[in-house]
Amino acid sequence: LLDRKIEAVISVEGTVDGTIIEKSTGQSSMMERAMLRTLSATDYNKMLEIWLTRGATGARLIKFTPKDQKETSSFDLNVEFSAPRYGQLMQNRLLVFKPVIVGRRNALSLTEAKRNHPVIIDSEAVKETAVFTLPAGFVVDEMPEAVNLETPFGKYATTYEVKDGKLIFTRSLTLNRTTVPVDKYNSVRDFYAKMREAEQSPVVLMRK
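All values reported here derive from a predicted model rather than from experimental measurement. Every chain is numbered independently, its residues counted from 1 as its sequence is written. Selection of residues for local features in this predicted model requires a pLDDT of at least 70, selection of side-chain atom pairs for listing and counting requires 80 or more, and totals for whole chains, interfaces and linings are taken over all residues. With hydrogens and water set aside, each side-chain value is computed from the structure's full complement of heavy atoms.

## Details of the overall build of the chain
Then step 1. In this text, helices come from DSSP runs of H or I with a minimum length of four residues, and strands from runs of E with a minimum of two, each type numbered from the N-terminal end. Looking only at helices and strands, one finds 3 helices and 14 strands in the chain.
Then step 2. Every radius of gyration here is taken over C-alpha atoms, with the globule rule written as 2.2 Å times N^0.38, N being the number of residues. Against the 2.2 N^0.38 benchmark of 17 Å for 208 residues, the chain shows a C-alpha radius of gyration of 18 Å, consistent with a compact globule.
Then step 3. For the chain, the residues scored as buried account for 39% of the 208 residues in total.
Then step 4. Here the Shrake-Rupley method, with its probe set to 1.4 Å, supplies the accessible areas, and only the displayed protein chains count as covering residues. Accessible area of the chain: about 11500 Å², with a carbon and sulfur share of 52%.
Then step 5. His is not counted, nor are the chain ends, whereas Lys and Arg count as positive and Asp and Glu as negative. By convention, the charge on Lys lies at NZ, on Arg at CZ, on Asp at CG and on Glu at CD. Charged side chains in the chain number 30 positive and 26 negative. The centres of these two groups are separated by 2 Å. Any residue under 20% of the maximum accessible area for its type is buried, any over 50% is exposed, and the rest in between are partly exposed; the area is computed with a 1.4 Å probe on protein chains only.

Structure representation (structure tokens):
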């Protein structure tokens, strides 16, 4: 299980400053532990920078603190970051941004139209809660509909809530270990396509 919590503040100019706290247990912690041990300090830093900038172009990694707790089969990673111009200010009254700042570091793409081999899916569970403090003078004008996908091989869901000047966004993904035959490939591709679409959906803030 990977449990991720993001606390972020959005400025009027669209800059997002925040922290990411990840707590991995079980198989997820083994993967994180392996990366920490096999990569040099420079390469580990670079891996985190690429992870950040893949979701937030121009994001800057300020500080990171990994904490390996092998005795309890857990691994913690705390990250501080800043993403200038992550949100787009339009006509000086609308501010548009995507609540999904980072993705999974081992994410599948599955975008090819056809496939010649079965898809092997590993078991995985990811939960994320992101809390965005909105800039003063702005309110949420538009936000995506909640998503709820359920298939024999996995589930994916998102929720949105506005409370006390903050946007609270959650998403969860659960995958079951399975092998999907070639003739069922479209169902897996469509699942990932809908998930990507949900994670590219923006929130629109409006100046009051």
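## Considerations on unusual backbone geometry
Then step 1. Residue Ser73 is not a glycine yet carries a positive backbone phi of 55°.
Then step 2. Owing to a relative accessible area of 39%, Ser73 belongs among the partly exposed residues under this scheme.
Then step 3. Its identity as a non-glycine residue notwithstanding, Arg85 has a phi of 55°, on the positive side.
Then step 4. Note on placement: Arg85 falls in the loop between strand E4 (74–83) and strand E5 (88–90).
Then step 5. Note on Arg85: relative accessible area 66%, which makes it exposed.

## Points about the sheet that holds strand E8 (residues 124–133)
Then step 1. Read from one edge to the other, the open sheet built from 8 strands follows the order E3-E4-E2-E1-E8-E12-E11-E10, with strand pairing classed as mixed. In this open sheet, the two strands that pair with only one neighbour each are strand E3 (60–69) and strand E10 (147–150). The sheet shows a mean angle of 10° between the axes of neighbouring strands, taken without regard to direction.
Then step 2. For strand E1 (residues 2–10) and strand E2 (residues 16–25), the ladder comprises 9 bridges, and the chain directions are antiparallel. Each residue of the ladder has a partner; that of Val9, found in E2, is Asp17.
Then step 3. Any two residues whose heavy atoms approach within 4.5 Å are treated as being in contact. For helices, the axis comes from a line fit to the C-alpha atoms of the stretch in contact; other axes are also lines fit to C-alpha atoms, and the angle between any two N-to-C directions lies between 0 and 180 degrees. Strands in contact with helix H1 (residues 27–38) are E1, E2, E3 and E4; relative to E2, the strand with the most contacts, it is inclined by about 115°.
Then step 4. The strands touched by helix H2 (residues 41–55) within the sheet are E1, E2, E3 and E4, with E3 carrying the most contacts at an inclination of about 120°. Strand pairing is defined by DSSP finding a minimum of two bridges between the two strands.

## Let's talk about the sheet that holds strand E6 (residues 94–97)
Sheets are built from strands paired through backbone hydrogen bonds, the pairs being either parallel or antiparallel.
Then step 1. Here we have 4 strands laid out as an open sheet, ordered E5-E6-E14-E9, and antiparallel in their pairing. Edge positions in the open sheet fall to E5 and strand E9 (138–142), since each of these has one partner strand only. Mean inter-strand twist for the sheet, computed between neighbouring axes without regard to direction, equals 30°.

## Looking at the pattern of salt bridges
Then step 1. A pair is scored as a salt bridge if a Lys or Arg side-chain nitrogen falls within 4 Å of a carboxyl oxygen belonging to Asp or Glu. Counted under the stated rule, the structure contains 11 salt bridges.
Then step 2. The closest approach of N and O atoms between Asp122 and Arg177, which form a salt bridge, is 3.2 Å. Highlighted residues: Asp122 in the loop between strand E7 (119–121) and E8 and Arg177 in the loop between strand E12 (166–175) and strand E13 (178–180), separated in sequence by 55 residues.
Then step 3. In this structure, Glu128 engages Arg171 in a salt bridge whose closest nitrogen and oxygen atoms are separated by 2.8 Å. Here Glu128 is found in strand E8, whereas its partner Arg171 is found in strand E12, with 43 residues between them in sequence.

## Here we look at the nonpolar core
Then step 1. In these notes, a set of buried Ala, Val, Leu, Ile, Met, Phe, Trp, Tyr and Cys residues joined through side-chain atoms within 4.5 Å is what counts as a nonpolar core. One finds Ile20, Leu52, Phe97, Ile101 and Phe132 to be the most contacted residues of the largest nonpolar core, which totals 33 residues.
Then step 2. Among the elements of the structure, E1, E2, H2, E4, E6, E8, E12 and strand E14 (203–207) are those that each provide at least two residues to this core.
Then step 3. If near-sequence neighbours (up to four positions away) are discounted, Leu52 is found in contact with Ile20, Ala59, Arg60, Leu61, Val79, Phe81, Ile101 and Val102.
Then step 4. In terms of nonpolar packing, the next biggest core, distinct from the first, is built from 15 residues, Val119, Leu173, Leu175 and Val180 among them.

## Concerning the environment of Arg189
Then step 1. Among the structural elements, Arg189 can be located in helix H3 (residues 185–200).
Then step 2. Residue class for Arg189 comes out partly exposed when judged on its relative accessible area of 22%.
Then step 3. Pairs of N or O atoms within 3.5 Å make up the polar contacts considered here, provided that, within protein, one atom can donate a hydrogen while the other can accept it, and that residues adjacent in sequence are counted only when both atoms are side-chain atoms. At a separation of 2.8 Å, a polar atom in the side chain of Arg189 contacts the main-chain carbonyl oxygen of Ala113.

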